[in-house]
Amino acid sequence: MPILNSEIRSYNIIFTGRKETLIQSLQENNLTQYIFLNDLLMALYVEPNFNENIFNNINQIVWWEKSYAMSSLINITNNLSQGVSVRQATDMAYMGNNLYSRLQGRGNVIAIIDSGIDYLNQDFINEDGSSKILYLWDQESDYKSPPEGMLFGSEFTRDEINEAISNNNGDLSKDEIGTGTIAAGIAVSEGKNNINYRGIAPKAELIVVKLRSYISLFKEGRINYQNTDFLVAISYIIEKFKEINRPIILNFTVGTTSGRDISQALLNTFEELYQSGFILVSGAGNQGNTDIHYSGNVSNGESVDIDFQVGDDKNLTIIIDGYKVDKFEIALISPFGEISPTISYAPNFTSYTGKFNLENVTYSISYSYPWISTGSMQVSINLENVYSGIWSLRVTGENVINGEFNAYLPNKNLISDNTRFIDSDSNATITRYGLLREVITVGTYNTKSNSMWIGSSKGPAETNDFILDIVAPGVDIISNYLDNTFNTATGSGVSSSVVCSVIALLIEFIINQTEFYRLSIYSEPIKTYLMLGATQKPIYTYPNTSYGYGILNYPNTLQRISENL
C-alpha cells in the first residue's frame with residue numbers, strides 16, 4: 001500500500017480572476033502541481049521545504065490554508081459473535097413484502113470517499129455479472145492514467161471493472177483497510193455471500209474514491225487522510241454528477257477536527273453540491289468521549305490556563321476558536337515551565353515560530369482573524385517533536401464581548417490514547433464538515449443497548465441551532481470486509497452509511513410518486529423529512545445535543561413524505 005510520508009505538503013487556495021493569469025503567476029514561482037476544483041478553489045501540492053511567503057507574490061490568491069488531517073469515522077471492531085445486521089438494526093428485516101421492502105434504491109448513486117472497495121466481492125456484483133461500481137478512482141494507484149484534470153491515481157470505468165471481474169483480476173485497486181468496503185456493504189450489498197447481511201439499498205450503484213493515505217503525522221503508525229485530497233475527490237464526484245444526470249448521495253465517512261460553529265467552508269465553493277439531486281450526509285464524529293475538546297470563557301484582561309496531557313506523539317496540533325468578534329492572546333507553557341511569547345493578532349501577520357530548548361520542541365503559531373469559515377478568530381498551534389507531559393495553553397481576553405472560546409486536539413484515532421485535555425467537554429465535538437447547514441449530520445445510536453453510543457459526537461450545548469440532525473444505528477454493524485469476509489464496525493461513518501442508504505430508498509419513492517420530484521430531492525427537504533419521521537423518546541426534550549431530532553425511523557419518514565407529496 002503506497003502510504004505517503006506526512007511531511008508532504010498541500011494547500012487549499014481561494015483565488016480570483018482568470019485561471020490563465022493565475023497559472024502564469026504560479027509558473028513564475030515554480031509552482032506546477034495544482035488542481036483547479038472550481039472557479040474559486042484550487043489544491044496546490046508542494047515540497048516539504050516550501051516557503052509560504054511565496055503566496056504574497058501572487059495577487060490572484062486571496063486566501064489560503066495548509067491542508068489538515070482527516071481520519072476515518074468507522075472503527076472496525078472484530079466482534080462478529082455479537083454483531084447486528086444492518087437490516088435488523090433498522091428493523092427492515094421484519095417489514096415483510098410491502099412498499100417499505102420493495103424500495104431498493106433503484107436509479108440512485110451513493111458516492112463513497114474512503115479506503116476504496118473490494119470490487120471482486122460477489123456482493124458488489126449484479127445478477128448479470130456487472131459491477132455495481134460506475135467509477136472507481138484510486139488516488140494511490142499508478143496502474144493507468146489519472147482522471148482528466150487530476151495529478152495522481154488511476155480511474156477505472158464500469159466496463160474496465162467488469163472486465164477485471166470476468167478475469168478474476170484484483171489488481172486494479174485494493175482496499176487494504178476495509179472501511180470503504182464496510183460502508184459500501186451497508187449500502188448496496190446484494191447478500192449473495194449471506195442473505196442476512198444484505199444492504200439497505202441493494203439496487204443503488206456506487207462511485208468510489210480511494211483516498212491517498214498518509215502515515216505518522218501525529219502518532220507513529222497512525223494513518224490519516226488530507227482534506228486537499230478529499231476536496232479533490234469531491235470535485236471528481238461532481239464531474240460524474242454532471243455526466244450521469246442521476247441523484248447522488250455523497251457519504252462523508254472520514255472527518256476533520258471537531259468544531260463548534262461554522263458558517264462557510266470550502267465546500268461552499270462547489271455550487272453543484274446544492275443542486276437538486278445532490279445530497280450531502282456526514283457522520284457527526286466519534287469524539288464524544290475522547291477528551292479532545294475544551295471550552296472556556298474569559299473577560300478582558302483575564303487569563304485562564306488550560307492543561308493538556310501529551311502522550312507518545314511525534315507532533316501535535318491544537319486549534320483555538322474564538323466566538324464572534326472576540327480576540328484573545330495566546331501563549332504556550334511547556335512541561336518544564338518555559339513560556340512562549342504571547343501571540344496576539346496583527347494585520348501583517350504570517351506565523352510565529354520558536355523553540356522550547358529544554359524539551360527540544362519546535363512550535364509555530366498562526367493567528368487568523370477573521371477566519372474565513374466562521375468570521376471569528378482561529379489560532380493554530382503546531383508542535384514538532386513534541387515532548388510527553390503536561391502542557392498548558394494560556395488564553396487571555398484581549399478584546400472580548402462574549403468571552404467564549406473552544407480548543408481542539410486532533411481526532412483521537414490520529415493521536416496517542418494518553419493525549420487529552422485534563423478538563424474536557426464532550427459537547428461541540430462534531431466534525432467540521434458536519435457543521436454545515438446543507439449537510440445531513442448523523443450521530444450514532446446503539447441498538448444493542450437502546451441508547452446513544454458513548455463515542456458519538458455532540459452538538460454545542462448553548463445554541464438553538466443544534467447542528468446534529470438525527471442519530472442512526474452504528475454499533476457493531478455487520479458488513480462486507482476484505483477478502484469476501486464479514487466484520488463489524490462502529491462509529492458515525494457507519495451511521496451515515498445507513499442514512500445514505502435509506503435516503504436512496506426515499507428518493508426512489510419520491511421520483512415514483514411525483515413528476516415534480518426535483519423540488520424534494522435537495523439536502524434540506526430530505527433532512528426535514530428525516531427529522532419529522534424520527535423516533536423521539538418521551539423522556540427527552542427534542543432537539544438536543546446528543547440525539548438531534550431523534551432516531552432514524554424509515555417507515556415513519558416514508559409516511560411523512562407520502563403525506564406531503
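Up top is the structure these notes are about.
Please read all numbers here as calculations on a predicted model, not as lab measurements.

### Here we look at the overall build of the protein
Counting its secondary structure elements, the protein contains nine helices and 34 strands. For a compact globule of 565 residues, the expected C-alpha radius of gyration is about 24 Å, and the protein comes in at 23 Å, within 12% of that figure. Along the first, second and third principal axes, the C-alpha set of the protein runs to 70 × 60 × 45 Å. Per-residue burial for the protein yields a buried fraction of 61% across its 565 residues. Accessible surface, the protein as shown: approximately 21600 Å² in total, 44% of it carbon and sulfur.

### A short note on empty space enclosed by the protein
Scanning the model with the defined rule gives four cavities of 30 Å³ or more in all. As a volume, the largest cavity reaches approximately 80 Å³. Together, W63, E65, Y68, I262, A265, L266, W371, S373, R432 and Y433 line the largest cavity. Of the residues in the lining of the largest cavity, the class split is seven nonpolar, one polar and two charged.

### Focus: the pattern of salt bridges
What the rule picks out here adds up to 26 salt bridges. Measuring nitrogen to oxygen at the nearest pair gives 3.3 Å for the salt bridge that ties E239 to K242. Pair noted here: E239 and K242 are both in helix α6 (residues 227–244), with a separation of three residues, about one helical turn. By relative accessible area, K242 is classed as partly exposed at 45%. K527 is paired through a salt bridge with D469; the nearest N and O atoms lie 3.6 Å apart. Note that K527 is positioned in helix α8 (residues 523–533) and D469 in the loop between β31 (451–452) and β32 (470–473), a separation of 58 residues in sequence. Linked through salt bridges whose partners overlap, the residues forming this network are E127, K132, E190 and K203.

### So, helix α5 (residues 179–188)
Structural remark: α-helix, 3.6 residues per turn; residues separated by three or four positions point the same way. With ten of ten residues buried, α5 lies mostly within the body of the structure. Buried residues of α5: T179, G180, T181, I182, A183, A184, G185, I186, A187 and V188, and no others.

### Notes on the side chain of Q139
Tracing the backbone shows Q139 in the loop between β10 (133–138) and β11 (154–157). You can call Q139 buried: its relative accessible area is 2%. Engagement of the side chain of Q139 in a polar contact is seen with the backbone nitrogen of R212, the distance being 3.1 Å. Reaching out from Q139, the side chain makes a polar contact with the backbone oxygen of D229 at a distance of 3.2 Å. Those residues in contact with Q139, other than ones at most four positions away along the chain, are F152, G153, V209, K210, L211, R212, D229 and A233.

### Side note on the sheet that holds strand β24 (residues 361–368)
Spatially, six strands are ordered β19-β27-β21-β25-β24-β23 in an open sheet, and the strand pairing comes out antiparallel. Taken across any chain shown, the strands that pair with only one partner, and hence form the sheet edges, are β19 (293–297) and β23 (352–356). Averaged over all adjacent pairs, the angle separating strand axes in this sheet is 20°, with direction ignored.

### Digging into a nonpolar patch on the surface
On the surface, F336, L358 and Y387 cluster together to form a nonpolar patch covering roughly 320 Å² of accessible area. Positionally, Y387 belongs in the loop between β25 (378–384) and β26 (389–399). Note on Y387: relative accessible area 34%, which makes it partly exposed.

### Some details on the sheet that holds strand β33 (residues 477–480)
Taken in spatial order, the four strands make up an open sheet running β7-β34-β33-β8, and their pairing is mixed. Among the strands making up the open sheet, the edge pair consists of β7 (75–76) and β8 (84–85). Note: β33 against strand β34 (residues 486–490), four bridges, orientation antiparallel. Bridged to N480 within β34 is F486.

### Regarding the packing of aromatic side chains
One pass over the full model with this rule turns up 29 aromatic pairs. Plain terms: the ring middles of Y11 and F55 are 5.2 Å apart, the flat faces sit at 75° to each other, and that makes the pair edge-to-face. Pair noted here: Y11 is in strand β2 (residues 9–15) and F55 is in the loop between β4 (41–46) and β5 (61–66), with a separation of 44 residues, a long-range link. You'll find Y11 and F55 in the same group, each marked buried. When the ring of F230 is compared with that of Y433, the centres are 5.5 Å apart and the planes differ by 20°; the resulting orientation is stacked. One end of the pair, F230, is in helix α6; the other, Y433, is in the loop between β29 (430–431) and β30 (440–446), with 203 residues separating them in the sequence. Like F230, the residue Y433 is buried in the burial classification. By way of ring pairs, the aromatic residues Y294, F308, F328, F405 and F421 are connected into one cluster. The residue whose ring lies beneath R212 is F152, and the NZ or CZ to ring-centre distance is 3.8 Å. When the ring centre of Y135 is taken as origin, the NZ or CZ atom of K240, which lies over that ring, is 4.2 Å away.

### Notes on the packing of α8 against helix α9 (residues 554–564)
It is at 8 Å that the axes of α8 and α9 come closest, and there the two elements cross at 120°. When the axes of α8 and α9 are compared, the pair comes out oblique. In this structure, α8 crosses over α9, and the sense of that crossing is right-handed. Mapping the contact onto sequence places Y529, L530, L532 and G533 in α8 and N556, T557, R560, I561 and N564 in α9.

### What about the environment of M150?
Positionally, M150 belongs in the loop between β10 and β11. In sequence terms M150 and G311 are 161 residues apart; their C-alpha atoms lie 38 Å from each other. If we ignore the near neighbours within four places in the chain, the residues touching M150 are I35, W137, V232, S235 and Y236.

### Notes on the environment of T353
The residue T353 is located in strand β23 in this model. Through-space distance from the C-alpha of T353 to that of S364 is 4.2 Å; in sequence the pair is eleven residues apart. Filtering out sequence-adjacent residues up to four positions away, T353 remains in contact with Y363 and S364.

What counts as what
- Residues numbered from 1 in each chain as written.
- Predicted model: local features only at pLDDT ≥ 70, side-chain atom pairs only at ≥ 80, totals over all residues.
- Heavy atoms only, no water.
- Helix = DSSP H or I, 4+ residues; strand = E, 2+ residues; numbered from the N terminus.
- Rg over C-alpha atoms; globule rule 2.2 N^0.38 Å.
- Buried < 20%, exposed > 50% of the residue type's maximum accessible area, 1.4 Å probe, protein only.
- Areas by Shrake-Rupley, 256 points an atom, 1.4 Å probe, with all protein chains shown as cover.
- 1 Å grid on protein atoms, 1.4 Å probe; cavity = no way out; pocket = protein on both sides within 12 Å on 5 of 7 lines; lining within 4 Å.
- Points joined across faces, edges and corners; volume = space filled by probe spheres on them.
- Nonpolar A, V, L, I, M, F, W, Y, C, P; charged D, E, K, R; others polar.
- Salt bridge = Lys/Arg side-chain N within 4 Å of Asp/Glu carboxyl O.
- Polar contact = N/O pair within 3.5 Å; in protein donor to acceptor, adjacent residues only side chain to side chain.
- Contact = heavy atoms within 4.5 Å.
- Pairing = 2+ DSSP bridges.
- Axes fitted to C-alpha atoms, helices over the stretch in contact; angles between N-to-C directions.
- Patch = residues over 30% accessible without salt bridge, like charges linked within 9 Å, V, L, I, M, F, W, Y side chains within 5 Å.
- Phe/Tyr/Trp six-rings, centres within 6.5 Å; stacked < 30°, edge-to-face > 60°.
- Lys NZ or Arg CZ within 6 Å of the ring centre and 35° of its normal.
- Parallel < 35°, antiparallel > 145°, perpendicular 65-115°, else oblique.
- Left-handed = near helix turned anticlockwise from the far one by under 90°.

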